[in-house]
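Chain and residue survey
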Amino acid sequence: MPEVRLVNVSKKFGKIVAVDNVSLQVYDKEYVSLLGPSGCGKTTTLRLIAGLVDPDEGEIYIGGKLVNKVPPEDRGIGFVFQTFALFPHMNAWDNITYGPRVKGWDSEKTNNVANEMLEMVKLATRFDAYPRELSGGMLQRVALARALTAGGNLLLLDEPLGQLDAKIRLELRYELRRLVKDLGLTAVHVTHDQEEALTISDRIVVMRRGKIEQIGTPNGLYMKPKTIFVANFVGEANFMEGSVVKVEEKEIYVETRGGFMVRVFEKGFEKGEMIVLTVRPENTGLIKGEVKMKNCLFGSVESLTFLGSLIRYHIRLDNQDLVVAKVPISGSQFNINDRITVYFPPENILAYKYPEGGLRRELEIE
Amino acid sequence: MERFEKTLDLLSSKPSIRYLVYGSSIVFFFALILVPPILGIILKWDLMGQIFENPSLMSRATSAIYSSFAIAIFVATIDLIFGLPMAWFIARGKLRWLDILDTFVDIPFIIPTVALGYSLLLFWSGSGGISSLFGRGLVSPGWLLIILLHFTFSYPVVVRVMVGEILDYEQLYEEGARTSGAPPFTAARTVTLPILKQGIIASFILAFARSLSETGATLMVAGTFENGPIFINNAKNLGYEGPLIFVSFVLIAVACAIFAIIKLLGPRLRMPVRKVWPDTERVLSGRGIAGLRDGVSIWIFLVLILAPSLFVVLPAVNALTSGTFGQAVTGAGVWSVYWQSLVLSYALGAVVTVLNIIAGLPMALLIARKKAGKLPSAILDILVNVPMVVPSIALGVSIGLFWKNFAFFPELGLLIFAHLSITYPYFVRAMSAAIERVNIDLEDSARILGGRPFTVFRTIILPLTKYSLFAGAIMIFTRSVDETGATLAVVTKLKTAPVLLVSWVKGTVPATPLDIGLGCGFLVVFSFIILLTMRILIRGEHRHA
């Protein structure tokens, strides 16, 4: 049974539609991320689940129960805020034991649970410190411990790592997932960081302008993005515009800018239709020199960036398009201004109908 | 003008000139604001012995002092008890008419206190007020009417401060409490209120000081009851110098002590947040209880505050339709003095406002930017507050005692100094807070780019604090126009409008109820017009800033 279910939920703030007819399910013990750019409605969706805002339309279920009229304190949740929201007038211990105390738990049970949580978040020695005395990473751990001690099965996290520096963020990312899985909780995690979402989630919900663009596993979203936006937002992608010149049973032929022909294993398009082709940089092959073969274009290396185990090349094609390729450092290496054959394997090319508002608009993040 | 600015610019570059400006502001503060009241008491210390020789007078004096503090503490407490729920309702409510309620809450604040006093006197004691429903005066002049009056004019102060605090407060803390399982009442009690503690203490102090200081309207409603300011006024009228010095001294000393204790111990006060009563607090969080609380808050505001405050409109309107208006316009009878008093009040307000700006700005800069060093600036910061917490009539007495040693000193000068002393802390407080909010990086950038100190002040600090400057000016102006206690203490011949109206109500000058009503009405209307004009000017500047 899904732990959380949203059915046709909408929320407006004045004229702004923050959440637009959203339906989704989060299963028991699943770790789901809501991913999207600023203003896409992911935080509002989270706050709707928490009961911190009321939906204008639709229904919200937690554990099979309709909770539209249920206040936050009765929904059995824990919530970790982006800015932690630790009570400044209480030390770490008082913050963590706040939930059990207000629910009337006896002191023995409260102390046991709180001690266990402090151990889990590795802050047992700082239980008497006030928020102003703790570092960013420690504040996040206290906030997490407080949410976990509240006793619910559902953990909601609003960009919990957003305030931390890069190294701590990386460390805590794995710890967070480990804790949630060890405790058998269901988690809904809001983030705008696609790498974070790809790393920790069982499934990802990509949102844009109040709507859900796609729901899927990290692998599924990355390898088979359903829309141009998802292809662009999750990972890097090269985009080429073209028109369909030939349609066969299991493939189409597309003429791109400059008259280059590309074969794509896709169907459902008509001859003469404008489409957009997408290829991931790591699926873009590079060969030195100009080698005549199918599905290739010629160009020159414009710039390169060393990424450790990979090198990223920016290549200016002869049709003036710019493509990005990522090549392992163990493979062939190229210099700036080298002439290059850029090869797009047909099985790695995705095709999309040309967007009504134009490609540029479709690629806009916000 | 350009040459003048260039000259000031060049002068401001010289450290000696800067020291002179800041030094002068410190000397001004000590020589004209802080020291004279202290010295005034010290120089007449020996006269205090008079009261020790008169046990019945001593008993009357101590009773009056006790009444002042008891009333002030009681009023400040009920202000919090009833004002906090109202502030919560206004700040957190989602109803459209809350904006109207928010505006109405300010009405007693805007009405000059002397008009407020007369309005309450008519409403609670007069035959035409609420008493008409009961066939007799419901609340006679005395301590209860004083409490109602002080509650009326200090309640908006508490509501205004707390609305601001609640709106500025980070709601995430409360959300953290709710998502941890706390119902709304528990979240408010254990998280929100402790975080707002500083604001609660500040509003308590403001309400306490306001009640302690109030004189003019209190005289109107006191009947035969005596608190500290009334005792001082009566003693002055009877020529009892020793007793009035004694009571003034005790009021000043105890007020300062209470203020210091609250400031020192207040932040250390720990609210009970650990103990929780889940079942009871869940019931208290229910919609029914919350609705009842809001309903009671609104009822108390409407019946105990708004209706009595606006009651003065009735006699004022009656006076318009009777011959009183014609007499007023032609300056016949008692009205000849009224217009002179009104002009004196507003002219005094204007002079005091200008002097405060000239003298107060350097002091505000000194405190905000710690130009005198960290410790001295902190000390100045505390000392500047002293005239604010001291009852104004006591302050007026001590100022009068000091300056009357200089026989040539005119009464108008005494009046200006008295009003300056009372209003100076308000302006310096407002401006120093505004200057502190200006990021110092902006000033440093301007200096690095070549701006001299005066240019930096003129082009960076002043534009960014213009709104606070105007708001501070309005505050001083209205405070000065409203001021009665210190005025009564220092002058005998000159009469400001509030002092004149008090004498009309007390019957020392034969004025009819219609005269008094219309006199109050004019004061209210002119104050509204001036305030509105100044607010429009401020908004215009704020938009262009």
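Not measured: the values here are computed from a predicted model.

So, how was this worked out
Residues numbered from 1 in each chain as written. Chains lettered and ligands numbered in written order. Predicted model: local features only at pLDDT ≥ 70, side-chain atom pairs only at ≥ 80, totals over all residues. Helix = DSSP H or I, 4+ residues; strand = E, 2+ residues; numbered from the N terminus. Rg over C-alpha atoms; globule rule 2.2 N^0.38 Å. Buried ≥ 20, exposed ≤ 12 C-beta atoms within 10 Å, placed from the backbone. Contact = placed C-beta atoms within 7 Å. Pairing = 2+ DSSP bridges. Axes fitted to C-alpha atoms, helices over the stretch in contact; angles between N-to-C directions. Nonpolar A, V, L, I, M, F, W, Y, C, P; charged D, E, K, R; others polar. Domains from an automatic or database assignment. Expected span 1.5 Å × (residues − 1). Bend = angle between axes of the 7 residues up to and from the residue. Core = buried A, V, L, I, M, F, W, Y, C linked by C-beta atoms within 7 Å. pLDDT = per-residue confidence, 0-100. Parallel < 35°, antiparallel > 145°, perpendicular 65-115°, else oblique. Left-handed = near helix turned anticlockwise from the far one by under 90°.

**Side note on the overall build of chain B**
Helices and strands together make up the secondary structure of chain B, namely 29 helices and zero strands. In terms of overall size, chain B behaves like a compact globule, its C-alpha atoms giving a radius of gyration of 25 Å where 545 residues would be expected to give roughly 24 Å. Viewed in the frame of its principal axes, chain B has a C-alpha envelope of about 75 × 70 × 55 Å. A buried classification covers 44% of the 545 residues belonging to chain B. In chain B, of all internal contacts separated by at least 6 residues, the share reaching a separation of at least 24 is 82%.

**Remarks on the overall build of chain A**
For chain A, the count of helices and strands is ten helices and 20 strands. Each of the three principal axes of chain A carries a C-alpha extent, and together these read 75 × 45 × 35 Å. Put simply, 65% of the contacts in chain A that link residues at least 6 apart link residues at least 24 apart.

**Looking at the sheet that holds strand E18 (residues 322-328) of chain A**
All names here are of chain A. Pairing within the open sheet is antiparallel, and its five strands lie in the order E15-E19-E16-E17-E18. Since the sheet does not close on itself, it has two edges, and those belong to strand E15 (285-288) and E18, each with one partner. In this sheet, adjacent strand axes meet at a mean angle of 45 degrees when their direction is disregarded. The pairing of strand E16 (residues 296-306) with strand E17 (residues 310-317) spans seven bridges and is classified as antiparallel. Following the sheet pairing, Gly 299 is matched in E17 by Leu 317.

**A word on the interface of chain A and chain B**
Listed by partner, the interface residues are 21 residues for chain A and 17 residues for chain B. If you list the elements that add at least two residues to the side of chain A that touches chain B, you get strand E6 (77-80) and helix H3 (98-102) of chain A. The biggest single contributor to the side of chain A that touches chain B is H3 of chain A, with four residues. For the side of chain A that touches chain B, the per-class residue count stands at twelve nonpolar, five polar and four charged.

**So, the sheet that holds strand E8 (residues 186-191) of chain A**
Residues and elements named next belong to chain A. Across the sheet, which stays open at both edges, the six strands sit in the order E6-E7-E8-E3-E9-E10 with mixed pairing between neighbours. Each end of this open sheet is capped by a strand with a single partner; those strands are E6 and strand E10 (211-216). The sheet shows a mean angle of 15 degrees between the axes of neighbouring strands, taken without regard to direction. By the bridge criterion, five bridges tie strand E3 (residues 31-35) to E8 in an arrangement that is parallel. Residue pairing for E8: Ser 33 is matched across the bridge by His 189.

**Remarks on the domain arrangement of chain B**
All names here are of chain B. Each assigned domain of chain B is listed here: domain 1 (1-43 + 314-545) and domain 2 (54-311). For domain 1 versus domain 2, the distance between C-alpha centres works out to 25 Å. Elements supplying a minimum of two residues to the side of domain 1 that touches domain 2: helix H18 (313-321), helix H22 (386-389), helix H23 (392-403), helix H26 (453-482), helix H27 (485-490), helix H28 (497-506) and helix H29 (513-544). A total of seven residues in the side of domain 1 that touches domain 2 trace back to one element, the largest contributor, which is H29. By residue class, the composition of the side of domain 1 that touches domain 2 is 26 nonpolar, five polar and two charged.

**A word on the domain arrangement of chain A**
We note that the domain assignment places domain 1 (2-232) and domain 2 (238-358) within chain A. Relative placement of domain 1 of chain A and domain 2 of chain A: their C-alpha centres are 39 Å apart.

**Brief notes about helix H24 (residues 411-437) of chain B**
Residues and elements named next belong to chain B. Its 27 residues give H24 an end-to-end C-alpha distance of 39 Å, which sits within 8% of 39 Å, the value for a rise of 1.5 Å per residue. At Thr 423, H24 shows its maximal bend, which comes to roughly 35 degrees, and the proline Pro 425 appears one to four places after that position. Burial of H24 is extensive: 19 of the 27 residues sit out of reach of the surface.

**Thoughts on the environment of Pro 328 of chain A**
All names here are of chain A. As for its placement among the helices and strands, Pro 328 is situated in strand E18. Along the chain, Pro 328 and Arg 312 lie 16 residues apart, while their C-alpha atoms are 9.0 Å from each other. The residues touching Pro 328, leaving out its near neighbours within four places in the chain, are Ser 309 and Leu 310.

**A word on unusual backbone geometry**
Residues and elements named next belong to chain A. Positive phi is not limited to glycine here, since Lys 29 has a value of about 65 degrees. Here Lys 29 lies in the loop between strand E2 (16-27) and E3. Phi is positive for Glu 159, which is not a glycine, with a value near 45 degrees.

**With respect to the nonpolar core**
Residue and element names in this part refer to chain B. Among the nonpolar cores identified, the biggest contains 138 residues, and Tyr 118 and Leu 501 are the most heavily contacted of them. Looking at this core element by element, the count peaks at 14 residues for H24. Composition of this core by domain shows at least three residues from each of domain 1 (1-43 + 314-545) and domain 2 (54-311). Ignoring any residue separated from it by four or fewer positions in sequence, one finds Leu 501 in contact with Val 114, Tyr 118, Ile 516, Gly 519 and Cys 520.

**Considering the pairing of E3 of chain A**
Residues and elements named next belong to chain A. The buried count for E3 comes to five of five residues, which makes it a mostly enclosed element. The alternating pattern of E3 places Tyr 31, Ser 33 and Leu 35 and Val 32 and Leu 34 on opposite faces, both of which are buried. Where E3 meets strand E9 (residues 203-208), four bridges bridge the pair, whose relative direction is parallel. In the sheet register, Ser 33 faces E9, and the bridge partner there is Ile 204.

**Observations concerning the confidence of the model for chain A**
Low pLDDT means the predicted atomic positions in that stretch should not be read closely. Per-residue confidence for chain A gives a mean pLDDT of 91; residues scoring 70 or more make up 99%. Taken element by element, the predicted model of chain A shows its lowest mean pLDDT in helix H10 (residues 359-363) of chain A (85) and its highest in E3 of chain A (97).

**Side note on helix H12 (residues 197-213) of chain B**
Residue and element names in this part refer to chain B. Its 17 residues place the ends of H12 24 Å apart at the C-alpha level, agreeing with the 24 Å of an ideal helix rising 1.5 Å per residue. Inspection of H12 places Gly 199, Ile 200, Ser 203, Ile 205, Ala 207, Phe 208, Ala 209, Arg 210, Ser 211, Leu 212 and Ser 213 among the buried residues, and these make up the whole buried set. Where H12 is buried, its residues touch helix H4 (55-92), helix H9 (143-168), helix H15 (241-265), H22, H23 and H27.

**Describing the pairing of strand E13 (residues 261-264) of chain A**
All names here are of chain A. Residues Val 262 and Val 264 line the buried face of E13, whereas the alternating positions Met 261 and Arg 263 sit on a face that is not buried. Relative to E13, strand E12 (residues 252-256) runs antiparallel, the two being bridged by four bridges. Bridge pairing links Ile 252 to Val 264 in E13. Count of turn residues in the E12/E13 antiparallel hairpin: four residues, of which Gly 258 carries a positive phi of about 85 degrees.

**Describing the environment of Lys 6 of chain B**
Within the secondary structure, Lys 6 of chain B is located in helix H1 (residues 2-13). Placed 448 residues apart in sequence, Lys 6 of chain B and Phe 454 of chain B show a C-alpha to C-alpha distance of 9.1 Å.

**Remarks on the packing of H4 of chain B against H15 of chain B**
Residues and elements named next belong to chain B. Relative orientation of the contacting elements H4 and H15 amounts to 30 degrees, with a least axis distance of 10 Å. By the angle between their axes, H4 is roughly parallel relative to H15. When the axes of H4 and H15 are compared, the crossing they make is right-handed. Packed against H4, whose contacting residues are Leu 57, Ala 61, Ala 64, Ile 65, Ser 68 and Phe 69, the element H15 presents Pro 243, Phe 246, Val 247, Val 250, Leu 251 and Val 254 at the interface. Residue composition of the contact of H4 with H15, grouped by class: eleven nonpolar, one polar and no charged.

**Side note on the environment of Ala 187 of chain A**
Residues and elements named next belong to chain A. Along the chain, Ala 187 turns up in strand E8. Given 26 C-beta atoms within a 10 Å radius, Ala 187 is considered buried. Each C-alpha atom of the pair Ala 187 and Lys 250 lies 41 Å from the other, and the pair is 63 residues apart in sequence. In this view, Ala 187 contacts Tyr 31, Val 32, Leu 155, Leu 157 and Val 180; residues no more than four positions away in its chain are not counted.

**A word on the confidence of the model for chain B**
Residues and elements named next belong to chain B. Here chain B averages 88 in pLDDT, and 98% of its residues register 70 or above. Ranking the helices and strands of chain B by mean pLDDT puts H4 first, with 94, and helix H8 (residues 131-134) last, with 69. Two summary scores accompany this predicted model of the complex, namely pTM at 0.81 and ipTM at 0.76.

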